[in-house]
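# Notes for the structure review
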Amino acid sequence: MPITRRDALKRTALLGAAAALAPGWLTRAQSVEAAMFVLPDLPYPANALEPAIDARTMQIHHDKHHAGYVRKLNAAMAEVSGEYSYEELFAGMDTFPETLQGAIRNNGGGAYNHDLFWTSMAPPARGGGGMPSGALAAKINQDFGSFAVFQDQFSQAAGTVFGSGWAWLIQRKSDGKLVIVTTENQDNPLMVSVLPPEKLGTPLLGLDVWEHAYYLHYQNRRADYISNWWKVVNWPEVSLRLA
Ligand code: MN3
């Protein structure tokens, strides 16, 4: 999982910086800091996805919403020792104190889901849009019949999420098939104690259909947001998530 690896590298870098400043005696505060979850920068300028997604929406979405999930997750996780990847948090959510489980579900979910969301998109000039190729294209054809059928079913699923939530393309854990699932709020297909087994798997692609993701530009026209979002999907990155 590229996200986990990147986070691990960032944490290691922080730890290294702290150690360089205070060789030999890392304080507890510094080591806790090093274990925290990181808000990654957007992988492109905030206006890079225009006109599909406007700069103002991207800024508020990343700098306020995503940042808030990371901050609240870190505040909650400061109460426990140990270092966890997102995957470990979601797989073992029910092993944490009950008071923490809500924070992991909502803020851990929010933090992870947006990491995946930003990296699932790219400006058209840098590979966004079009269709998948190679192994991912073959697997989509195998499991959905064609890319057009997949795209239509995904748009339908995203368009009919009631209230706030996400649409996902996952590689299902139970049988390795690619399937489309939806989740409420910030739940995601890695949350073992939250979702039924048929919704669990590796997220390949996620679409945020919370109103904060599109309302400034599209108001209530979620279907327009979804159809324009296809023009910035980063298929080369999504392909890397396929096992
Ligand atoms: Mn969001």
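Let me sum up the structure you'll find in this document. Along each chain, the written sequence defines residue order, and numbers are assigned to residues from 1. Note on the predicted model: pLDDT of at least 70 is required for a residue's local features to be given, and 80 or more for side-chain atom pairs to be given and counted; whole-chain, interface and lining totals, by contrast, use all residues. Calculated side-chain values reflect all of the structure's heavy atoms, with hydrogen atoms and water omitted.

With distances of 2.0 to 2.1 Å, the protein atoms coordinating the manganese ion are His 61 (NE2), His 114 (NE2), Asp 208 (OD) and His 212 (NE2). The sequence motif formed by the donor residues of the manganese ion is H-x52-H-x93-D-x3-H. Of this pair, His 61 sits in helix H3 (residues 55–77) while His 114 sits in helix H5 (residues 98–119), and the two are 53 residues apart along the sequence. Summary of the burial criterion: residues with accessible area below 20% of their type's maximum are buried, those above 50% are exposed, and those between are partly exposed, where the area comes from a 1.4 Å probe applied to protein chains only. Among the residues examined, His 114 registers a relative accessible area of 0% and is labelled buried. Because no water is among the atoms considered, metal sites can look incomplete, with donors defined as N, O and S atoms within 2.8 Å of the metal, or 3.2 Å for Na, K and Ca. Helix and strand assignments follow DSSP, with helices taken as H or I runs no shorter than four residues and strands as E runs no shorter than two, numbered in order from the N terminus.

Of all the eight residues making up strand E1 (residues 165–172), eight are buried; the element is thus mostly covered by neighbouring parts of the structure. Of the two faces of E1, the one holding Gly 165, Ala 167, Leu 169 and Gln 171 and the one holding Trp 166, Trp 168, Ile 170 and Arg 172 are both buried throughout. When DSSP finds at least two bridges between two strands, those strands are taken to pair. As paired elements, E1 and strand E2 (residues 178–184) share seven bridges and run antiparallel to each other. Looking across to E2, one finds that Ile 170 is bridged to Val 179. Two successive antiparallel strands, E1 and E2, enclose a turn made up of five residues, where Gly 176 displays a positive phi of approximately 75°. Strand direction decides the pairing type here: E1 and strand E3 (residues 201–208), joined by seven bridges, are antiparallel. Within the sheet, the bridge partner assigned to Leu 169 lies in E3 and is Leu 205.

For the pair helix H6 (residues 134–144) and helix H7 (residues 147–159), the least separation of the axes is 8 Å and the interaxial angle reads 75°. Considering the angle they form, H6 stands roughly perpendicular to H7. Note on element contacts: H7 touches H6 through Phe 147, Val 149, Phe 150 and Gln 153, opposite Ile 140, Asn 141 and Phe 144. Per-class residue counts for the contact of H6 with H7 are five nonpolar, two polar and no charged. The convention used is that axes are lines fitted to C-alpha atoms, helices contributing only their stretch in contact, and that angles between N-to-C directions extend from 0 to 180 degrees. Convention used here: angles under 35 degrees read as roughly parallel, angles over 145 as roughly antiparallel, angles from 65 to 115 as roughly perpendicular, and any remaining angle as oblique. In this analysis, two residues are considered to be in contact whenever any of their non-hydrogen atoms come within 4.5 Å of each other. Charged means Asp, Glu, Lys or Arg here, nonpolar means Ala, Val, Leu, Ile, Met, Phe, Trp, Tyr, Cys or Pro, and polar covers whatever is left, Gly included.

This brings us to the side chain of Arg 241. With respect to the element layout, Arg 241 can be found in the segment after helix H10 (235–240). For Arg 241, a relative accessible area of 5% puts it in the buried group. Any pair of nitrogen or oxygen atoms within 3.5 Å is treated as a polar contact; in protein, a donor-acceptor pairing is required on top of that, and neighbouring residues in sequence qualify only through side-chain atoms on both sides. There is a polar contact of 2.8 Å between the side chain of Arg 241 and the side chain of Ser 120. Separated by 2.9 Å, the side chain of Arg 241 and the backbone oxygen of Leu 204 make a polar contact.

Next up on the list: the nonpolar core. Throughout, nonpolar core names a set of buried Ala, Val, Leu, Ile, Met, Phe, Trp, Tyr and Cys residues whose side chains join them through atoms within 4.5 Å. Formed by 64 residues in total, the largest nonpolar core has its most connected members in Tyr 225 and Trp 229. Ranked by the residues each element gives to this core, the list is headed by H5, at eight residues. Both domains that meet at this core, namely domain 1 (5–119) and domain 2 (124–242), each give it at least three residues. Other than its neighbours up to four places away in sequence, Trp 229 contacts Phe 117, Met 121, Phe 154, Leu 205, Gly 206 and Leu 207. What fixes the domain bounds is an automatic or database domain assignment.

We now examine H7. A helix is expected to reach a length of 1.5 Å times the quantity of its residues less one. Across its 13 residues, H7 extends 18 Å between first and last C-alpha, which sits within 8% of the 18 Å expected from 1.5 Å per residue. Taken residue by residue, H7 has Phe 147, Phe 150, Phe 154, Ala 157 and Ala 158 as its buried positions. Angularly, the buried residues of H7 cover 95° about the axis, an arc narrow enough to put them on a single face. In H7, the exposed positions angled more than 90 degrees off the buried face are occupied by Ala 148, Asp 152 and Gln 156. Buried residues along H7 sit against H6, E1, E2, E3, helix H9 (222–229) and H10. It is the directions from the helix axis to the C-beta atoms that the arc portrays.

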